[in-house]
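Given next are the chains, with one letter for each unit.
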Amino acid sequence: MKQTLLYAPTLKEAPKDAEVKSHKLMARAGLIKQTASGIYSYLPLGWRVIRNIETIVREELDKRGSSELLMPALQPRDLWDESGRWAAYGPELMRLKDRKERDFCLGPTHEEVITALVRDYADSYKKLPLALYQIQTKFRDEMRPRFGLMRGREFIMKDLYTFSVNHDDLEAWYQVMKEAYTAIFKRCGLETKIVSSDTGQIGGDEADEFMVMSEVGEDTIAYCDTCDAASNQEFSGLEIGDPCPECDGFIKHAKGIEVGNIFKLGTKYSESMQAYFTDRDGKRKPLIMGCYGLGISRTLMAAVEQHSSESSILWPKSITPFDVHVIPIKYKGEAHVEKIDALVQRLESNKAVLLDDRDERVGVKFKDADLIGIPHRVVIGRDFEDGKVEYTNRLTGEKSLIDLDTLAELLQ
Ligand code: ATP
Ligand code: MG
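Each value, and the rule that gives it
Residues numbered from 1 in each chain as written. Chains lettered and ligands numbered in written order. Predicted model: local features only at pLDDT ≥ 70, side-chain atom pairs only at ≥ 80, totals over all residues. Heavy atoms only, no water. Phe/Tyr/Trp six-rings, centres within 6.5 Å; stacked < 30°, edge-to-face > 60°. Buried < 20%, exposed > 50% of the residue type's maximum accessible area, 1.4 Å probe, protein only. Helix = DSSP H or I, 4+ residues; strand = E, 2+ residues; numbered from the N terminus. Lys NZ or Arg CZ within 6 Å of the ring centre and 35° of its normal. Axes fitted to C-alpha atoms, helices over the stretch in contact; angles between N-to-C directions. Parallel < 35°, antiparallel > 145°, perpendicular 65-115°, else oblique. Contact = heavy atoms within 4.5 Å. Near = heavy atom within 4 Å. Polar contact = N/O pair within 3.5 Å; in protein donor to acceptor, adjacent residues only side chain to side chain. Areas by Shrake-Rupley, 256 points an atom, 1.4 Å probe, with all protein chains shown as cover. Nonpolar A, V, L, I, M, F, W, Y, C, P; charged D, E, K, R; others polar. Expected span 1.5 Å × (residues − 1). Domains from an automatic or database assignment. Buried area = accessible area lost by both parts, 1.4 Å probe. Salt bridge = Lys/Arg side-chain N within 4 Å of Asp/Glu carboxyl O. Pairing = 2+ DSSP bridges.

For the rest of this paragraph, the subject is the packing of aromatic side chains. Scanning the model with the defined rule gives 6 aromatic pairs in all. Between Trp80 and Tyr89, the aromatic rings sit 5.7 Å apart at their centres with planes inclined by 75°, giving edge-to-face as the arrangement. Take Trp80: its relative accessible area is 0%, and that puts it in the buried class. Aromatic pair Tyr181 and Phe210: ring centres 5.2 Å apart, planes at 50°, arrangement tilted. Of this pair, Tyr181 sits in helix α6 (residues 167-187) while Phe210 sits in strand β10 (residues 207-213), placing them 29 residues apart in sequence. The aromatic ring of Phe322 is capped on one face by Arg48, whose charged end is 3.9 Å from the ring centroid.

So this is what it looks like as structure tokens:
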């Protein structure tokens, strides 16, 4: 991909309202652009990362027996009246009317729609269990949209729902999803802690949050310095230095960004919305539900927060928008251009390559490259005539002058 064809407007200064490092960098690197408060366009570089995260999410969920579907963002009030949430949800719900004055909302979450879908199908234990998910834009009129994609009013979420015949099956799915989330965040290059939490708005028995440790996080995590025990401090009340409830260790505090959230919903929606099935014993019973959210756009934000300095991003290999950034210091005529294009083509056989073919000073190119944060860098300078380029692995810091065959091998 040629950088001259890429819409990646880098900025010298971050927008005034950008308070945290990741927001500043994402705006400056041309990953996102604000359209209104809490509402963003994902520009090509940012969107490539989103797509990489989504691919990881899909792979980990599909191989564990769940299937993807897509539900409407626009939802009729009737369903929300059935669950009781039209009245209960409050001003965070984006409400609107159609031309016939009928009420609708823009989905902040999809328990109502999915319960209505499944109740019309899963009338027997023979059709259960089910694990269904979608990746979709959600709408919430947050009181304080901030930190870029961290708390948006329109954001991308993966939401998955399980439907079981009994609590043991729900428990089994819950553990499967916990594993899936652990794998997803690990593959995205994010270190997370699993934190037990209360069930808040949605209601139900048990819940866990997946937190990325970060100073800009809005939650306080009380975690053990010895074992894996961790809780949301707001609910556990554990203070620094308290003995760990599960081992001989002691409690520490840290800030965290919630990137995922899993709930055992139980029968809250199936009872209120009449989603019953006939069990093996011939009895009619409510479906037992679990719901599992993962903030795709917030994960992007958290990844930048965790993998950056004040002036540059450094993408984990798994989600980077491009693998290799090729930077010619100067173009010297047609033959030179062709030789560079040939090198790029060769590398593109197994890597995503961004070629900085812009007519810019080398200082500008390097500054932008640091900002954009592609892990492998190939600088084409004077030694290119002798078939050599300067290769930098920004993840390890290793830097060397190498010939083109060695480069191609290195990037295999
Ligand atoms: P929070 O406490 O941060 O408001 P929540 O409990 O409302 O989150 P859920 O309803 O469980 O979140 O949504 C699932 C996931 O969607 C969250 O774990 C988070 O990653 C993401 N998410 C929630 N609200 C937003 C938002 N306003 N902007 C971006 N991502 C969000
Ligand atoms: Mg919320």
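Here we take up the packing of helix α1 (residues 21-28) against helix α9 (residues 296-306). Close contact between α1 and α9 brings their axes to 8 Å; oriented N to C, the two are set at 100°. By the angle between their axes, α1 is roughly perpendicular relative to α9. Counted together, Lys21, Ser22, His23, Leu25 and Met26 of α1 and Leu300, Met301, Val304 and Glu305 of α9 form the full contact between these two elements.

In the region of ligand 1, 15 residues are neighbours, and Arg140, Glu142, Arg151, Gly152 and Glu258 sit closest. Note that an oxygen atom of ligand 1 is positioned 2.6 Å from one of the side-chain N or O atoms of Glu258. Within the side chain of Asn261, a nitrogen or oxygen atom sits 3.0 Å from an oxygen atom of ligand 1. In isolation ligand 1 exposes 580 Å². Once the protein is present, 84% of that is buried. At the level of elements, β8 (154-164), β13 (251-266) and β16 (288-295) are the ones that each hand at least two residues to the shell around ligand 1. For the shell around ligand 1, the element with the highest residue contribution is β13, accounting for 4 residues. Residue classes in the shell around ligand 1 are distributed as 5 nonpolar, 5 polar and 5 charged.

Before going further, it helps to examine α6. Taking 1.5 Å per residue, 21 residues should reach 30 Å; α6 reaches 30 Å between its end C-alpha atoms and fits that length. Among the residues of α6, those classed as buried are Leu170, Trp173, Tyr174, Met177, Lys178, Ala180, Tyr181, Ile184 and Phe185. Residue Asn166 occupies the N-cap position of α6, its side-chain oxygen lying 3.2 Å from the main-chain nitrogen of Asp168. Positive phi shows up at Gly189, right after α6, with a value of about 80°.

We now examine the domain arrangement of the chain. Its domain assignment divides the chain into domain 1 (3-306) and domain 2 (324-411). Of note, the centres of domain 1 and domain 2, computed from C-alpha atoms alone, are 39 Å apart. In this complex, domain 1 contributes 10 residues to the contact, which on the side of domain 2 involves 10 residues. Taken together, the two surfaces of domain 1 and domain 2 that pack against each other cover about 880 Å², and 62% of this comes from carbon and sulfur. In terms of surface lost to domain 2, no three residues of domain 1 exceed Gln3, Thr4 and Thr10, which account for 62% of the buried area on that side. Where domain 1 touches domain 2, the interface holds 0 salt bridges. The interface formed by domain 1 and domain 2 contains 5 residue pairs in polar contact (both at pLDDT 80 or more). Secondary structure elements with two or more residues in the side of domain 1 that touches domain 2: α1 and α2 (44-62).

Before going further, it helps to examine the pairing of β16. β16 sits mainly inside the fold: 8 of its 8 residues count as buried. Here β16 shows a buried face lined by Ile288, Gly290, Tyr292 and Leu294 and a second buried face lined by Met289, Cys291, Gly293 and Gly295. Sheet topology note: the β8/β16 ladder contains 8 bridges and is antiparallel. By the bridge assignment, Thr162 is partnered in β16 with Gly290. Pairing analysis gives 6 bridges linking β13 to β16, with the strands arranged antiparallel.

Another point: unusual backbone geometry. For the bond running from Leu128 to Pro129, omega is 5°, close enough to zero to count as cis. When you line up the elements, Pro129 lands in the loop between α5 (111-119) and β7 (130-139). You will see that Glu101, though not glycine, has its phi angle at about 70°, which is positive. Judged by its relative accessible area of 56%, Glu101 falls in the exposed class.

Turning our eyes to something else, we now look at α2. Side chains three or four residues apart in an α-helix point the same way, a direct result of the helix having 3.6 residues per turn. For α2, which comprises 19 residues, the first-to-last C-alpha distance of 26 Å matches the rise-based estimate of 27 Å (1.5 Å per residue) to within 8%. Among all positions in α2, only Leu45, Gly46, Val49, Ile50, Ile53, Glu54, Ile56, Val57, Glu60 and Leu61 are buried.

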